[in-house]
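Secondary and tertiary structure notes
One-letter residues, chain by chain:
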Amino acid sequence: MNHPELNAAEADVIELYGRVQPDPTLPQHATTASTKEEPVKQPADVVKKPSIFDHVDHSTEEEIRPFSKDCIGVLANYLSVGLMLGGSTSILYPILVVREGVTPSLMTASTSLVTVFWSYKILFGFLSDCFPLFGLKRKPYICLGWTLCAFF
């Protein structure tokens, strides 16, 4: 049999096995761009769950102003924490090593003791979110922390 539209390998397969007819029970797949595919129909009872990747309309959200009265406390808190953390660790060297003459290992241990609570920041965040004080999540904990810092 001669098949001019097929290459030699395809023609050999057809001669061995014959022309295969498509199964009418299987869905037909589009083989060219000119054929239109039917959209996949989903049952009416399937409800699409919202995803984090869905489009969010930002025009209805309120703009966050970091220097507003509501947000300035967060900036002041982080500024103060940075000053306290940087100041407390940098004052340790002149006091402990220069004045007192302690060993470098004691200096390292003292610096670690000062900065250890900064490592637990995420744990304290979970604590303040799960157990709000006076109906507020973070403000009482921040005030408590600064009160403890002032006295100790």
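Residues numbered from 1 in each chain as written. Predicted model: local features only at pLDDT ≥ 70, side-chain atom pairs only at ≥ 80, totals over all residues. Heavy atoms only, no water.

What to know about the pattern of salt bridges
Counted under the stated rule, the structure contains 1 salt bridge. Here Arg-138 makes a salt bridge to Asp-129, at a shortest N to O gap of 3.0 Å. Residue classification places Arg-138 among the partly exposed residues on the basis of a relative accessible area of 47%. Residue classification places Asp-129 among the partly exposed positions, given a relative accessible area of 29%. (Salt bridge = Lys/Arg side-chain N within 4 Å of Asp/Glu carboxyl O. Buried < 20%, exposed > 50% of the residue type's maximum accessible area, 1.4 Å probe, protein only.)

Some thoughts on the side chain of Asn-77
Structurally, Asn-77 can be placed in helix α2 (residues 72–99). At a separation of 2.7 Å, a polar atom in the side chain of Asn-77 contacts the side chain of Trp-146. Beyond its immediate sequence surroundings of up to four residues, Asn-77 is in contact with Ile-142 and Trp-146. (Helix = DSSP H or I, 4+ residues; strand = E, 2+ residues; numbered from the N terminus. Polar contact = N/O pair within 3.5 Å; in protein donor to acceptor, adjacent residues only side chain to side chain. Contact = heavy atoms within 4.5 Å.)

Brief notes about a nonpolar patch on the surface
Side chains of Phe-117, Tyr-120, Leu-123, Phe-124, Leu-127 and Phe-131 sit close together on the surface and give an oily, nonpolar patch of about 640 Å² of accessible area. The element contributing the most residues to the nonpolar patch is helix α4 (residues 121–130), with 3 residues. Among the structural elements, Phe-131 can be located in the loop between α4 and α5 (139–151). (Patch = residues over 30% accessible without salt bridge, like charges linked within 9 Å, V, L, I, M, F, W, Y side chains within 5 Å. Areas by Shrake-Rupley, 256 points an atom, 1.4 Å probe, with all protein chains shown as cover.)

Here we look at unusual backbone geometry
Unusually for a residue other than glycine, Phe-134 sits at a positive phi of about 55°. Its location among the elements puts Phe-134 in the loop between α4 and α5.

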